[in-house]
Amino acid sequence: MSAVEEKLAELGLRLPGVAAPIASYVPAVRTGSYVYTSGQLPMVEGKLGVTGKVGAEVTPEEAKDLARICALNALAAVKSVIGDLDKIVRVVKVVGFVASAPDFTGQPGVINGASELLGEVLGAKGVHARSAVGATALPLDAPVEVEIQVEIAD
């Protein structure tokens, strides 16, 4: 087990299997020293547990927890390409999308769920640049979607 996966276990978490794509793409792609993930939904065992808009059917606190799940799924996608999460040099960028009710403006707080998880698991390697974007709708009526870009060592 990698040091990253040991840290996940210490936090009471486990790396899930890679979420199956819902359209025509792959979960992650490596180019040179970087891995880019596709947008990861908060899928657990192949299903969305919560759907709807944040600020309406979904609370910001629920959405923040869902962003953590998205980040775990993103790490699983990265592992599927590089085999060992200890090869991560740093998380370079996180982009988070929040399906938002018309008056909801708390997208940064929601995406903090993903950012905080990456920091807890990877320490200084998890510090990253980030965008948190409100959206009218996301695939499958998911409340949150997160993609990451990581630099890796060979």
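It should be emphasised that the depicted structure is a prediction, and the values quoted were computed from it without experimental measurement. (Residues numbered from 1 in each chain as written. Predicted model: local features only at pLDDT ≥ 70, side-chain atom pairs only at ≥ 80, totals over all residues. Heavy atoms only, no water.)

A.B. asks: Just give me the short version of the packing of helix 1 (residues 3-10) against helix 3 (residues 107-122), but keep the residues and values in it.
C.D. replies: At a closest axis distance of 8 Å, the pairing of helix 1 and helix 3 adopts a crossing angle of 115 degrees. In terms of axis orientation, helix 1 runs roughly perpendicular to helix 3. Residues Val4, Lys7 and Leu8 of helix 1 touch helix 3, and the partners they reach there are Glu120, Val121 and Leu122. Among the residues forming the contact of helix 1 with helix 3, the class breakdown is four nonpolar, no polar and two charged. (Axes fitted to C-alpha atoms, helices over the stretch in contact; angles between N-to-C directions. Helix = DSSP H or I, 4+ residues; strand = E, 2+ residues; numbered from the N terminus. Parallel < 35°, antiparallel > 145°, perpendicular 65-115°, else oblique. Contact = heavy atoms within 4.5 Å. Nonpolar A, V, L, I, M, F, W, Y, C, P; charged D, E, K, R; others polar.)

A.B. asks: I'd like a rundown of the pairing of strand 2 (residues 34-37), residues and numbers included.
C.D. replies: Of the two faces of strand 2, only the one carrying Val35 and Thr37 is buried; Tyr34 and Tyr36 on the other face are not. With four bridges joining them, strand 1 (residues 28-31) and strand 2 adopt antiparallel strand pairing. If you follow Ala28 over to strand 2, its bridge partner there is Thr37. Linking two consecutive strands that pair antiparallel, namely strand 1 and strand 2, is a turn of two residues; a positive phi of about 60 degrees is found at Gly32 within it. (Buried < 20%, exposed > 50% of the residue type's maximum accessible area, 1.4 Å probe, protein only. Pairing = 2+ DSSP bridges.)

A.B. asks: Tell me about the sheet that holds strand 1, and please be specific about residues and values.
C.D. replies: In spatial order, the strands read 1-2-7-5-6; together these five strands make up an open sheet with mixed pairing. Of all strands in the sheet, those bounded by a partner on one side alone are strand 1 and strand 6 (129-135). Pairs of neighbouring strands in the sheet enclose a mean axial angle of 15 degrees, with direction left out of account. Two elements, strand 5 (residues 88-99) and strand 7 (residues 144-152), share nine bridges in a ladder whose sense is antiparallel. Bridge pairing in strand 7 places Lys93 opposite Gln149. Helix 2 (residues 60-82) rests against strand 1, strand 2, strand 5 and strand 7 of the sheet, and its axis sits at about 40 degrees to strand 7.

A.B. asks: So what's going on with the environment of Lys7? Residues and values would help.
C.D. replies: As for its placement among the helices and strands, Lys7 is situated in helix 1. Sequence spacing of Lys7 and Glu120 is 113 residues, and the spatial spacing of their C-alpha atoms is 8.3 Å.

Geometric values such as these leave the question of function open.
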